[in-house]
Structure formats: C-alpha cells, structure tokens
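These are the residues of each chain, in order.
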Amino acid sequence: TPGTLIASFTDSLPGNSGLPLSDGLKTVHNSFSDGYWHVTPGNSFAFGGGYSLDLTGNGFTEFIIDTSTRIITRSNSSGNWAANGYHVIGTGNTASRASMTTLPAQYAFGDDTDCSIPVIWTGTTSSDWSVGSNWSTNEVPIKCSRVRIDSSSNNPIINSDITIDSLTINPR
C-alpha cells in the first residue's frame, strides 16, 4: 500500500544487546557507537514482501566501514540486535542488506572484528593512561582497541610501551 517512510538518525550509542550474533560466515561482535537509524511507516504504508536497504555512514569513526560491515536490525530500543535478511556487499561508506522484513525498525552498523568497543579517553581520574577509570569503558585499551582522545582537563600520559589498533586525536 502506498504511503511514506519516516527516517531519522540518533547520534548516540546503540548498545550491543543480542551481540555477538552470526550472520552467514561472519560474527557481528559490536555495533558502531556512532549512532543508529529509526525507520517507521506512515500514511498507511505497507509492503507485501522483503525490502533492501542501503545505509551510508559518512563521518563514522569508531570502526572501519568495509565490505564486511553489516546492517543489524531491532524492532525497538529494548530489543536485541538481529541479522534480518541477508548481507549485500556495500561500497565506500555504505553498507547494504536485502530481503529485510522488519518495520518499524532501528538499524545500526555491525562490526565483525572481535575487539572491544571503541575506547574513548575521559581523563576522569587522572592523566595516567593505565588507569581504567580514565576510559569510557572503564578498561585500559588493549592490542585491538581503537582509541579516541578528545579534549580533557587531564591529558593522557603513557609511562610504558603500549600497542593499540588505531589512535584518533581530536584537538581542542
């Protein structure tokens, strides 16, 4: 039935409820923490089958968008993420999925690397890199962590060798 789809983007953590989950040969371990989309039907919109969806994450920085990036779905913010439909290889900053059937729904990008969620420096306790409470996850970054340092009253000081996956510094 003809009608409209109303879409919006929420710039906040989508959470990892229901993750990890299997999607074909991949396992989705984390949702991208950059945000998530809401899509609701309006004006009597109804569909009789599956639909395809392309989502573009311009400016997303928490995980790398690549051909393995998945679109994950949940019916509402209290639901678990699921792999509705099947993965289609996207290009650039776009992830794709086909044969989806859930509406209204929320969508997020899912990452298949088995790594901690992005770790953001807060400097809440001190300037000491090795103190867990200085980090958004309350854990010190590990080898596969993607670290982001934003402006803080306590800039991090590293007193020993560290290895991390990537580092993004957002200057003041």
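Please refer to the structure higher up on the page.
Description of the structure in this document. Model, not experiment: these values are computed from the prediction.

## Points about unusual backbone geometry
The omega torsion of the bond from Leu 19 to Pro 20 falls at 5 degrees, within 30 degrees of zero and hence cis. By the secondary structure assignment, Pro 20 is in the loop between strand 1 (4-10) and strand 2 (21-23). Here Leu 103 and Pro 104 are connected by a cis peptide whose omega angle stands at -10 degrees. Tracing the backbone shows Pro 104 in the loop between strand 9 (94-100) and strand 10 (105-111). Here Ser 99, not a glycine, exhibits a phi torsion of approximately 60 degrees, which is positive.

## Some thoughts on the environment of Asp 54
Note on placement: Asp 54 falls in strand 6 (residues 51-56). By relative accessible area, which is 55% here, Asp 54 ends up exposed. A polar contact of 2.6 Å, which involves the side chain of Asp 54, links it to the side chain of Ser 96.

## A word on the pattern of salt bridges
In the structure shown here, the tally under the stated rule is 5 salt bridges. Note that Asp 23 is salt-bridged to Arg 97, the shortest N-O span being 2.9 Å. Linking Asp 23 in strand 2 with Arg 97 in strand 9, this pair joins segments that are 74 residues apart in sequence. For the pair formed by Asp 23 and Arg 97, the shared burial category is buried. The salt bridge partner of Asp 165 is Arg 146, with a shortest N-O separation of 3.0 Å. Taken as a pair, Asp 165 in the loop between strand 12 (146-149) and strand 13 (166-169) and Arg 146 in strand 12 lie far apart in primary sequence, 19 residues in all.

## Structural notes on the pairing of strand 12
With burial as the criterion, each face of strand 12 is covered, one bearing Arg 146 and Arg 148 and the other bearing Val 147 and Ile 149. Relative to strand 12, strand 11 (residues 119-121) runs parallel, the two being bridged by 3 bridges. Note on strand 12: the bridge partner recorded for Trp 121 is Ile 149.

Rules behind the numbers
- Residues numbered from 1 in each chain as written.
- Predicted model: local features only at pLDDT ≥ 70, side-chain atom pairs only at ≥ 80, totals over all residues.
- Heavy atoms only, no water.
- Helix = DSSP H or I, 4+ residues; strand = E, 2+ residues; numbered from the N terminus.
- Buried < 20%, exposed > 50% of the residue type's maximum accessible area, 1.4 Å probe, protein only.
- Polar contact = N/O pair within 3.5 Å; in protein donor to acceptor, adjacent residues only side chain to side chain.
- Salt bridge = Lys/Arg side-chain N within 4 Å of Asp/Glu carboxyl O.
- Pairing = 2+ DSSP bridges.

Spatial relationships are all this shows, so hold off on functional conclusions.
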